[in-house]
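Each chain, written out:
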Amino acid sequence: MDNQQQTGGKIKVGFKQGMAMLFPYAKSRLIEQVKSVALIIIYLIFFQTMVLGIAVAQAAMIAAGLALVIGGLAFFMEGLMLGLMPLGEVIGLKLPQKSKLPVILGFSFILGMGATFAEPAISVLKAAGSSVRPWDAPLLFLLLNKFSGYLVMSVGVGVGIAVVFGMIRFMYNISLKPFIYILLSFLLLFTLWSFFNANMRNVTGLAWDCGAVTTGPVTVPLVLALGIGICRVVGAAGSGSSGFGVVTLASLFPIISVLLLGASLSGTVPQPMSEAAFFSAANRDKAQALFTSREEMIGFAFQNAKRESQLALFDGSSEKMIAYLESLKSSEKERAAVFGPKRDALEKWAATKGTRTQAMAVFPSAEAAREAAQKYAAMLEDPVQPADLILRNTKAAAQAIIPLSIFFLLVLTLILRERLPRADEVFLGLGFAVFGMMLFSIGIEIGLSKLGNQVGGKVPSSFKAIELPEQRSTINKFDPDIVKTAITADGETQTFFYVREKTGYRQLPYHEDQYSPETSQYNYTPTRGPLFGAEGGLTGILVVLVFAFILGYGATLAEPALNALGLTVEELTVGAFKKSLLMQAVALGVGVGIAVGVAKIIWNIPLLWLMGPPYILLLIITKISTEEFVNIGWDSAGVTTGPITVPLVLAMGLGIGGQVGVVEGFGILSMASVCPILSVLCVGLMVTRKRKAALQEASETAEPKEVAA
Amino acid sequence: MNGKQVSRVIAAVARGAADPVLKSLREAGISTGHLAAGRSVALEDKKGFLGLGERSVIVEDPIEIFSFLVSPELEDTALDIIIRTGRLDILGRGSVHSETVHLIKSHALCAENSGAAAPDKELPLLTELMGICCIVQRGQGDAVARMALDTGTCVPAITFGTGTGVRDKLGLLRITIPADKEVISLAASVHDADAVMDLMIDAGKLDEPGKGFIYQYPLKQGIVNTKISRGMPKHAASIEQIISTIDQIKGNTQWRSRSGMASTNGGARRKYLTNLIDLTLICNEGRADDLVKSAMAAGAAGATISILKHVRPQDSGAAKVSPARESCNMIVGEQQIPAILAELDKVGAFDDKTHGLLYGKPAPKACTYLGK
């Protein structure tokens, strides 16, 4: 062979040559991500414009956001492959060889805790619980707000314990099945018990979703790689294609820890009650215990409660309330305590949500109030500030990746005293991961999530009439005298008026509360739907369920953690279990799960009814499945709910929940966790049966020859 | 080539089927070896949409590949245990074969297994076999492997590897070149090997730049898995069973050698490399990168690194060897070996941290892109 090549040393590559190498590399990575997100993006746009017939608002910004998502995912995935996963694997390889069990378990616990703090899913859960009212679900409200720190802590402890048990499993080669049986039976019983406790019933949804959400796109690959590394050096003689299972435990333990936290706090909170009772003087102390301060409670009441409830806080005296509002104008500190740190929060609230008298207390004149009302009506959302957006997401990305990486590097150099192989590649990978995560977080925020919100909010229009607030318009100098009355066949009367538009005349319904006599303005919010069938009809709801299915399916295919899991499975089975097969199975499962979750919200089905049967079925299927597929199937459940799926699903869940008026949007994510386990295990059963059949065919049809003496 | 002549026994069975075989081997004193994960491919007839158009698609199964170095007198014993415990006499259960390799140098804990041989037994083994090994870019494996199926040669085994070579001299720009490889190994009759190799070269375009490398190496004896398709036979025995049985009666596959099966595409004009050595270095995990670098400094052109697991009894001295191992395959000229060995020795390839094991076997014919 030709060996005259230069040996040792580096080959110098010119700029042009370098670019010629970089270009196809970058192109292939980008195309991969375009393929993974194409379905969900095209589908969302198609559904909004074609099915719902509403133009995409802020299209340019959304397009830019989607481009960022694609670029970001490309960088992030490459970062996972070059940096995070090799780092996890090298620790996994060295740890069992060089340290004792207590060190390994201590490391595992810190890793689990650290991963939770690094990728706080609490913001996701807060979003899911944003419409929770303290009088409806006091304990849930307490956990999501005042005690959200405890909530994160308990999830962290849960994940920590999970990683510890995961490592013990690897070290002693214990099957995952008994863990599943014990944990799941306990969880189901606990959930059943919670079902009969008014406060705990609302917390179960949160607890199950905590389990689904905790395992993020950084934790999963890191823990997987760690497990694979460990399994290469410990365990039985088998070629050791395991390394899975930690994600499963990290999904189950936090449910227990959150339920335990809820149970331990449930004695200290009042029972669910009516809004009026909640704000009554008799319950004041108990109610206020749900908030950090009196100011926070007042602020919450101003933002979310009825006028009578607000007055109740001021002993029923309107004067006291007005005086309080006026005092807020001058005291910045107190204003921040009530309305939050944003400087214009008080004005915005007064202009958009406050009553007429409240607005007059905040603004110097009626004229100022009208101007403010117009100003804030025009911007329903806060404008995007690029600097803030980049800074915030860079911080979050750095927080998710850098501390854990430093922890790993310290363990490697200080405790294991090993050199990091291919250090330059790993550091480049970590940089890619941070940069990619920042890009795709920004992209999700300004692109995907916006698009999801638009579609999600409008989807209920297929089965009921919904308002379109972004098409709201104001008629200045409105004259109530032009309002006409119409009558239905049943004799019910409705009011309406005509407006002159460019092309003709149009009737609009008249709602008295939209008219402001001081400013003589009439605010008109157009409505839309039901597009399919009658109000609340089954056809429309079916459309929503199909939408939910495809949304879940498409979003899952784009999920980075699942891609990493799929690649790992393919790598470990040397291509015998293809990534695409796993992803399809998981995506189908998630689609079904999300459709079921949406059905839960529309018909307000108790979570227990939905979680019980599938999990009991799962116990049976788990029993008859092979260890390999039990590990992969249960792990894929944990990775399905990531940065792409969650915002889209939540947007839709909350959109629908808001339109049909349910307490909270929890439960969809946990449904999206249980169904993929079922689908992957079913695929597993099929594949195993086929393989067994092939082997059996070999042993049964051939006549066994006498080989042995 | 200097070094001790030993036998290397290598078998591929369905995943999960290796454990009992390894246990029996251990009981017979053949206890240290290596295990790798791989996949096997087979053809399955699939009906097209609405039952229209039938085509055969490739289906993949996970397999385990284990290999042991044994002293020549122990070779038959090892083969016998593997065939008996793994039921490899039944077509479709897997394959096993042995080859003669030169153990150039090894750490004491990794030397060949030796011991008392069991009494001679009649084994249903084929001879006149030639191994073909082909290294291609990840993702291209099935296309090349399909040739082995389509020609009815045997069920190939595919493993994953990572290529090193020029790539590692590029600094960080190396990440732009995919290093992931697939390694396809199969056993053909010596009479067909050239034709099969040519067809594989055509299928993988292996004589074009950057496509891959293919070489032959002699096998001594073995059982070839010729169950190339899946599905129930329509007759009392499948045609594959009949072929396999005649193979065993004849002791070789010359009776079905097909001279007409030749490359359609310039096989005659093709230039081959001849008389090379397939040099394998097995070491503890994490050491392969450095060792290959040293070997390359001593003249090797590059290596394919793959992951192995060390098989040993937990209570023996061999448990000091890292369970996670790496194997580096290099194709070199015979005259380069002393220099490579000296260099590897210098960087501690055979010390207690690395537990190295270096052996070579002849690769009489090879092909890759040779420049214009």
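What you are looking at is a predicted structure, and each value in this text was computed from that prediction instead of being measured.

1. A look at the overall build of chain B
Across its full length, chain B holds seven helices and 13 strands. Projected onto its principal axes, the C-alpha coordinates of chain B cover approximately 60 × 55 × 35 Å. Taking all contacts inside chain B whose residues are at least 6 apart in sequence as the whole, residues at least 24 apart take part in 82%. Summed over its atoms, the accessible surface of chain B is roughly 14600 Å², and 53% of this surface lies on carbon and sulfur atoms.

2. Observations regarding the sheet that holds strand β4 (residues 493–501) of chain A
Residue and element names in this part refer to chain A. The three strands lie next to each other as β3-β4-β5, forming an open sheet whose pairing is antiparallel. Single-partner strands in this sheet number two, and they are β3 (484–487) and β5 (504–509). Strand-to-strand twist across the sheet, computed as the mean angle between neighbouring axes with direction ignored, equals 45°. Pairing between β4 and β5: six bridges, direction antiparallel. Its bridge partner lying in β5, Y498 is registered against Q507.

3. Quick look at helix α4 (residues 193–204) of chain B
Residue and element names in this part refer to chain B. Taking 1.5 Å of rise per residue, the twelve residues of α4 would be expected to cover 16 Å, and the 16 Å separating its terminal C-alpha atoms lies within 8% of that figure. All of the buried residues along α4 are A193, A195, V196, M197, D198, L199, M200, I201 and G204. Looking at the buried residues of α4, the elements they touch are β5 (129–137), α3 (141–150), β7 (180–189), β8 (212–219) and β13 (357–367). Remark: K205 follows α4 within two positions and exhibits a positive phi of approximately 50°.

4. Details of helix α5 (residues 239–250) of chain B
All names here are of chain B. Between its terminal C-alpha atoms α5 stretches 16 Å, which fits the 16 Å expected from twelve residues at 1.5 Å a residue. Taken residue by residue, α5 has E240, Q241, S244, D247 and Q248 as its buried positions. Along α5, the residues classed as buried sweep out an arc of 125° about the axis, all on the same side. Counted as exposed and oriented over 90 degrees from the buried face of α5: I239, I249 and K250. G251 sits one or two residues past α5 and shows a positive phi near 80°.

5. Observations regarding the side chain of E182 of chain B
All names here are of chain B. Inspection of the secondary structure puts E182 in strand β7. The exposure class assigned to E182 is buried, which follows from its relative accessible area of 2%. Separated by 3.0 Å, the side chain of E182 and the backbone nitrogen of G141 make a polar contact. When near neighbours in sequence (up to four residues on either side) are disregarded, E182 contacts R39, C134, I135, V136, Q137, R138, G139, Q140, G141, I158, T159 and F160.

6. What to know about the pattern of salt bridges
In total, this model carries 41 salt bridges over all chains according to the counting rule given. As a salt-bridge pair, K94 of chain A and E285 of chain B come within 3.3 Å of each other at their nearest N and O atoms. Taken together, the residues span two chains, with K94 of chain A in helix α2 (residues 59–98) and E285 of chain B in the loop between β10 (273–284) and α6 (288–297). Accessibility expressed as a relative area gives 11% for K94 of chain A, which makes it buried. With a relative accessible area of 12%, E285 of chain B lands in the buried category. The partner of R138 of chain B in a salt bridge is E571 of chain A, with the nearest N and O atoms 3.1 Å apart.

7. Looking at the packing of aromatic side chains
All names here are of chain A. Per the stated rule, a full pass over the model turns up 42 aromatic pairs over all chains. Ring plane angle 80° and centroid distance 5.5 Å describe the contact between F195 and F196, whose orientation is recorded as edge-to-face. Residue classification places F195 among the buried residues on the basis of a relative accessible area of 17%. Ring geometry for F291 against F300: centres 5.6 Å apart, planes inclined by 50°, an arrangement best described as tilted. Comparing F291 with F300, the two get one shared label, buried.

8. A few points about the environment of A17 of chain B
All names here are of chain B. Inspection of the secondary structure assignment puts A17 in the loop between β1 (4–14) and α1 (18–27). Relative accessible area serves as the criterion here: at 26%, A17 is assigned to the partly exposed category. Sequence spacing of A17 and A195 is 178 residues, and the spatial spacing of their C-alpha atoms is 33 Å.

9. Some words on the domain arrangement of chain A
Along its sequence, chain A is carved into domain 1 (21–269 + 386–460 + 537–694), domain 2 (291–378) and domain 3 (473–524). A separation of 29 Å is found between the C-alpha centroids of domain 2 of chain A and domain 3 of chain A.

10. So, the sheet that holds strand β6 (residues 515–516) of chain A
Residues and elements named next belong to chain A. Reading across the sheet, the three strands line up as β2-β7-β6 and stay open at both edges, with antiparallel pairing between neighbours. Looking along the sheet, the strands with just one partner apiece sit at the ends: β2 (473–475) and β6. Here β2 pairs with strand β7 (residues 521–524) via three bridges, running antiparallel. Of the residues in β7, the one forming a bridge with I475 is Y522.

11. What about unusual backbone geometry?
Residue and element names in this part refer to chain A. One non-glycine residue, Q58, lies in positive phi territory at about 55°. Within the fold, Q58 resides in the loop between α1 (15–51) and α2. Taking the relative accessible area as the measure of exposure, Q58 reaches 41% and is therefore partly exposed. Unlike most non-glycine residues, N173 shows phi in positive territory, near 55°. Position of N173 relative to the elements: it lies in the loop between α6 (148–172) and α7 (177–195). For N173, a relative accessible area of 52% translates into the label exposed.

The rules behind these values
- Residues numbered from 1 in each chain as written.
- Chains lettered and ligands numbered in written order.
- Predicted model: local features only at pLDDT ≥ 70, side-chain atom pairs only at ≥ 80, totals over all residues.
- Heavy atoms only, no water.
- Helix = DSSP H or I, 4+ residues; strand = E, 2+ residues; numbered from the N terminus.
- Contact = heavy atoms within 4.5 Å.
- Areas by Shrake-Rupley, 256 points an atom, 1.4 Å probe, with all protein chains shown as cover.
- Pairing = 2+ DSSP bridges.
- Axes fitted to C-alpha atoms, helices over the stretch in contact; angles between N-to-C directions.
- Expected span 1.5 Å × (residues − 1).
- Buried < 20%, exposed > 50% of the residue type's maximum accessible area, 1.4 Å probe, protein only.
- Arc of directions from axis to C-beta.
- Polar contact = N/O pair within 3.5 Å; in protein donor to acceptor, adjacent residues only side chain to side chain.
- Salt bridge = Lys/Arg side-chain N within 4 Å of Asp/Glu carboxyl O.
- Phe/Tyr/Trp six-rings, centres within 6.5 Å; stacked < 30°, edge-to-face > 60°.
- Domains from an automatic or database assignment.

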